[in-house]
Amino acid sequence: MAYMSLILNPGSTSTKIGVMEDETLVFEETLRHSTEEIAKYATIFEQKDFRKEVILNVLKEKNFDLKTLDVIVGRGGMLKPIPGGTYAVSDSLLEDLKIGKQGQHASNLGGILAKEIGDELGVPSFIVDPVVVDELAPVARYSGVPELPRTSVFHALNQKAVAKRYAKEIGKSYDELNLIVVHMGGGVSVGAHKKGKVVDVNNALDGDGAFSPERAGGVPSGALVKLCFSGKYTEKEVYKMLVGNGGLNAYLNTNDMRDVLKAMAEGDEENKNIFDAFIYQVSKDIGAMATVLEGKVDKIVVTGGIAYSDVVVNAIKERTGWIADFQVYGGEDELLALAQGAIRVLSGEEKAMEY
């Protein structure tokens, strides 16, 4: 049986939607929202009706019959920490999306809109592997300061999707494998996947790990404390240094690795130095996760937009290829990953998780 799904992926100034027949994309649209439109609403939740209307209008313009849908899948938001999997949008999950249990983010609307549209059509609604997926081993939570436990916030949807894709391609279960998954996009996350659980991963949103195009990653903590209390910067300004204006942005005024590679090819020494530091830090994180898996690594899986670059991947291979062989999946296909999560439940391959 073929499953027809509507996928909803809300971002801060856009809503990406797709219709999938099983794993085949029927069509997709990125619906842009102006700053003025978004500014009308005091909270993320108040945007719900506006975004829903835009979504339904586009589907109507395409003459798409909503009654052909079997499931609605939304991008998961800032819920409480939960294990990975596909979750039915229950009342308790819906409430935590509305209040923003761990923060206000446009992705919270994914499950909210999926539930509302699904209920109107009489079909199930799901979210899949939100960024708050937390499967950390107890030992990984200790930081050295009891008030500052390490937390799991990372590219869970894409990391889990490519890990399961690799397992399927080699005819094994994800639960059988030990993998190091490296996501390199605007942020960088490196996760240790041990028998189907991400037992350690850097906080890719605002925590430790390698710097990325837009994020500072782990910085010297003592110096950061002094910076915070120097009186020169507000809390908001310091946070922006770490998230948004950090990493490549801070050093080179670009968040595009392609700009760095182009400048390197033209002989620019500063870009070469920053590139080498990026490779060095990502490689260190891979090495750390190899120790988490006690050296038993079946594959290093590399994904995200930066993984399209052979120059980047080969440089990381030079430092870490002795740990395990590489499998590269460039980019990230969130629409497909969300559809696959729903299909695994509808087909009986997995059970829906309870929130």
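What you are looking at is a predicted structure, and each value in this text was computed from that prediction instead of being measured.

Calculation criteria
- Residues numbered from 1 in each chain as written.
- Predicted model: local features only at pLDDT ≥ 70, side-chain atom pairs only at ≥ 80, totals over all residues.
- Heavy atoms only, no water.
- Buried < 20%, exposed > 50% of the residue type's maximum accessible area, 1.4 Å probe, protein only.
- Helix = DSSP H or I, 4+ residues; strand = E, 2+ residues; numbered from the N terminus.
- Pairing = 2+ DSSP bridges.
- Phe/Tyr/Trp six-rings, centres within 6.5 Å; stacked < 30°, edge-to-face > 60°.
- Axes fitted to C-alpha atoms, helices over the stretch in contact; angles between N-to-C directions.
- Contact = heavy atoms within 4.5 Å.
- Core = buried A, V, L, I, M, F, W, Y, C linked by side-chain atoms within 4.5 Å.
- Lys, Arg positive; Asp, Glu negative; His and termini not counted.
- Salt bridge = Lys/Arg side-chain N within 4 Å of Asp/Glu carboxyl O.
- Polar contact = N/O pair within 3.5 Å; in protein donor to acceptor, adjacent residues only side chain to side chain.
- Parallel < 35°, antiparallel > 145°, perpendicular 65-115°, else oblique.
- Left-handed = near helix turned anticlockwise from the far one by under 90°.
- Nonpolar A, V, L, I, M, F, W, Y, C, P; charged D, E, K, R; others polar.

Q: Got a sec to walk through the pairing of strand 8 (residues 188–194)? Specific residues and values, please.
A: For strand 8, the tally of buried residues reaches six of seven residues, placing the bulk of the element in the interior. As judged from the seven bridges shared by strand 7 (residues 178–184) and strand 8, these two strands associate in the antiparallel manner. Each bridged residue has a counterpart across the sheet, and for H183 the counterpart in strand 8 is S189. What sits between the antiparallel neighbours strand 7 and strand 8 is a turn of three residues.

Q: Report on the packing of aromatic side chains, specifying residues and quantitative values.
A: The full count for this structure, using the stated rule, is four aromatic pairs. Relative to F278, the ring of F211 lies with its centre 6.1 Å away and its plane at 55 degrees, an arrangement referred to as tilted. Here F211 is found in the loop between strand 9 (197–201) and helix 6 (221–228), whereas its partner F278 is found in helix 10 (residues 269–292), with 67 residues between them in sequence. The class of F278 is buried, set by a relative accessible area of 0%.

Q: How would you explain the sheet that holds strand 7 if you had to name every residue and give the values?
A: The strand order 9-8-7-10-11 describes an open sheet built from five strands, whose pairing is mixed. The strands lining the two open edges of the sheet, one partner per strand, are strand 9 and strand 11 (326–330). If you compare each strand with its neighbour and ignore which way they point, the axes differ by 25 degrees on average. Lying over the sheet, helix 5 (residues 156–169) contacts strand 7, strand 8, strand 9, strand 10 (299–304) and strand 11, oriented at roughly 135 degrees with respect to strand 7. Strands in contact with helix 10 are strand 7, strand 8, strand 9 and strand 10; relative to strand 8, the strand with the most contacts, it is inclined by about 15 degrees.

Q: Run through the sheet that holds strand 4 (residues 71–75), naming residues and quoting values.
A: The strand order across the open sheet formed by six strands is 3-2-1-4-6-5, and the pairing between neighbours is mixed. Looking at which strands have only one partner, the edges of the open sheet turn out to be strand 3 (24–32) and strand 5 (86–88). Strand-to-strand twist across the sheet, computed as the mean angle between neighbouring axes with direction ignored, equals 25 degrees. Inspection of the sheet shows strand 5 paired to strand 6 (residues 125–128) by three bridges, in the antiparallel sense. Following the sheet pairing, Y87 is matched in strand 6 by I127.

Q: Can you tell me about the nonpolar core, naming the residues and giving the values?
A: Core analysis: the biggest nonpolar cluster contains 36 residues, and I180, M184, F278, I300 and V312 have the highest contact counts within it. For this core, the elements supplying multiple residues, two or more each, are strand 7, strand 8, helix 8 (248–252), helix 9 (257–265), helix 10, strand 10 and helix 11 (310–320). At eight residues, the largest contribution of residues to this core is made by helix 10. Apart from the residues within four sequence positions on either side, I300 is in contact with I180, V182, I286, T320, I323, A324, D325, F326 and Q327. Listed in part, the 33 residues of the second largest apolar core include L59, L93, L113 and V132.

Q: Could you give an account of the side chain of R51, with specific residues and numbers?
A: Checked against the element boundaries, R51 lands in helix 2 (residues 48–61). For the buried residue R51, which engages in no salt bridge, the nearest side chain bearing the opposite charge is E37, 9.0 Å off. Here T15 takes part through its side chain, which lies 2.9 Å from a polar atom of the side chain of R51. Separated by 2.8 Å, the side chains of R51 and Q47 make a polar contact.

Q: Please provide a residue-by-residue account of unusual backbone geometry, values included.
A: Its identity as a non-glycine residue notwithstanding, D129 has a phi of 40 degrees, on the positive side. Topologically, D129 is positioned in the loop between strand 6 and helix 5. Using a relative accessible area of 2% as the deciding quantity, one classes D129 as buried. The backbone phi angle of K195 is positive, close to 50 degrees, even though this residue is not glycine. For K195, the position within the fold is in the loop between strand 8 and strand 9.

Q: Could you give me a rundown of the pattern of salt bridges, with the residues and numbers involved?
A: In this structure the tally under the stated criterion is 17 salt bridges. Note that D208 and R150 form a salt bridge whose closest N and O atoms lie 2.6 Å from each other. Residue D208 is located in the loop between strand 9 and helix 6, and its partner R150 is located in the loop between strand 6 and helix 5; the two are separated by 58 residues in the primary sequence. For R150, a relative accessible area of 37% translates into the label partly exposed. When salt bridges that share partners are traced, they join K48, D49, K52, E116 and E120 into one network.

Q: Requested: an account of the pairing of strand 2 (residues 14–21), with residues and values cited.
A: Residues in a regular strand point their side chains to alternate faces of the sheet. Counting buried positions along strand 2 gives six out of eight residues, so the element sits mostly inside the fold. Pairing between strand 1 (residues 4–10) and strand 2: seven bridges, direction antiparallel. Following the sheet pairing, P10 is matched in strand 2 by T15. Sheet analysis places strand 2 next to strand 3, joined by eight bridges and oriented antiparallel. Paired with E21 across the strands is T24, a residue of strand 3. Two successive antiparallel strands, strand 2 and strand 3, enclose a turn made up of two residues, where D22 displays a positive phi of approximately 55 degrees.

Q: With reference to specific residues and values, describe the packing of helix 9 against helix 10.
A: Running from N to C, helix 9 and helix 10 point in directions that differ by 125 degrees, and their axes come no closer than 8 Å. In terms of axis orientation, helix 9 runs oblique to helix 10. Crossing angle aside, the handedness with which helix 9 passes helix 10 is left-handed. Note on element contacts: helix 10 touches helix 9 through N271, K272, F275 and F278, opposite M257, D259, V260, L261, A263 and M264. Across the contact of helix 9 with helix 10, the residue classes tally to seven nonpolar, one polar and two charged.

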